[in-house]
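Here is what each chain is made of, one letter per residue.
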Amino acid sequence: MKLSGRQKIRIAVTIVLFLLFVIANFYTVRALGRYGAELYLYDKMLVAYEFAGMNGLKQELSTILSHDKMPHELAAAGNFEKNLAEIKDPYKFLTDKVSERKNKINFLRNLRSVAFIFILAMLLLRIAIDRRSERKPYTF
């Protein structure tokens, strides 16, 4: 079965739209949830450290590990607890983590927006091409 050029283009557009849809609705939403939970954790740790120093940080960390039920936050808290002894400057570490997570969240939000814009542009282009092909004059 031979595919015409038009069929190849339609298949390619459909595949691109599907990939953009998957990126926009599955990957970025899941990643935003994970980074959001980590941002929430590190921000709470930073506030505890700013107000009560290392004792407040350890107390907040133990509270999170014993009472929290969010899996991403618990995993990040467990990793943070393991590495806490190796951290020389907790304030710098936490501010860097908070800033890094905010940047990743903003990047993913922008990526999702761009994917939706591409989806919309491709759909409008396909509608325009279909309408144009409908208006072609018939030749005898």
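Look a little higher up for the structure.
As the structure is a prediction and not an experimental result, all values here were calculated from the model. (Residues numbered from 1 in each chain as written. Predicted model: local features only at pLDDT ≥ 70, side-chain atom pairs only at ≥ 80, totals over all residues. Heavy atoms only, no water.)

### Points about the packing of helix α1 (residues 5-67) against helix α2 (residues 71-83)
Here's step 1: Remark: α1 packs on α2, axes separated minimally by 8 Å, with the N-to-C direction vectors making an angle of 45°. The pairing of α1 with α2 is recorded here as oblique in orientation. Considering how the two elements wind past one another, α1 and α2 form a crossing that is right-handed. For the pair formed by α1 and α2, the contact residues are Arg34, Ala37, Glu38, Tyr40, Leu41, Tyr42, Lys44, Met45, Leu57, Leu61, Ile64 and Leu65 on the first element and His72, Glu73, Leu74, Ala76, Ala77, Gly78, Phe80 and Glu81 on the second.
Here's step 2: Considering only residue class, the contact of α1 with α2 consists of 13 nonpolar, two polar and five charged. (Axes fitted to C-alpha atoms, helices over the stretch in contact; angles between N-to-C directions. Helix = DSSP H or I, 4+ residues; strand = E, 2+ residues; numbered from the N terminus. Parallel < 35°, antiparallel > 145°, perpendicular 65-115°, else oblique. Left-handed = near helix turned anticlockwise from the far one by under 90°. Contact = heavy atoms within 4.5 Å. Nonpolar A, V, L, I, M, F, W, Y, C, P; charged D, E, K, R; others polar.)

### A look at α1
Here's step 1: End to end, α1 covers just 60 Å across 63 residues, shorter than the expected 93 Å (1.5 Å per residue, more than 12% under).
Here's step 2: A bend of about 140° at Ala52 is the largest found in α1. (Expected span 1.5 Å × (residues − 1). Bend = angle between axes of the 7 residues up to and from the residue.)

### Let's talk about the packing of aromatic side chains
Here's step 1: In this structure the tally under the stated criterion is four aromatic pairs.
Here's step 2: Note on Tyr42 and Phe93: the rings are 6.4 Å apart at their centroids and 85° apart in plane angle, and the pair reads as edge-to-face. Note that Tyr42 is positioned in helix α1 and Phe93 in helix α3 (residues 90-134), a separation of 51 residues in sequence.
Here's step 3: Overall, the relative accessible area of 6% leaves Tyr42 in the buried class.
Here's step 4: Judged by its relative accessible area of 25%, Phe93 is partly exposed.
Here's step 5: One aromatic cluster in this structure is built from Tyr42, Phe80 and Phe93.
Here's step 6: The ring of Tyr35 has Arg34 lying over it, and the distance from NZ or CZ to the ring centre is 4.8 Å. (Phe/Tyr/Trp six-rings, centres within 6.5 Å; stacked < 30°, edge-to-face > 60°. Buried < 20%, exposed > 50% of the residue type's maximum accessible area, 1.4 Å probe, protein only. Lys NZ or Arg CZ within 6 Å of the ring centre and 35° of its normal.)

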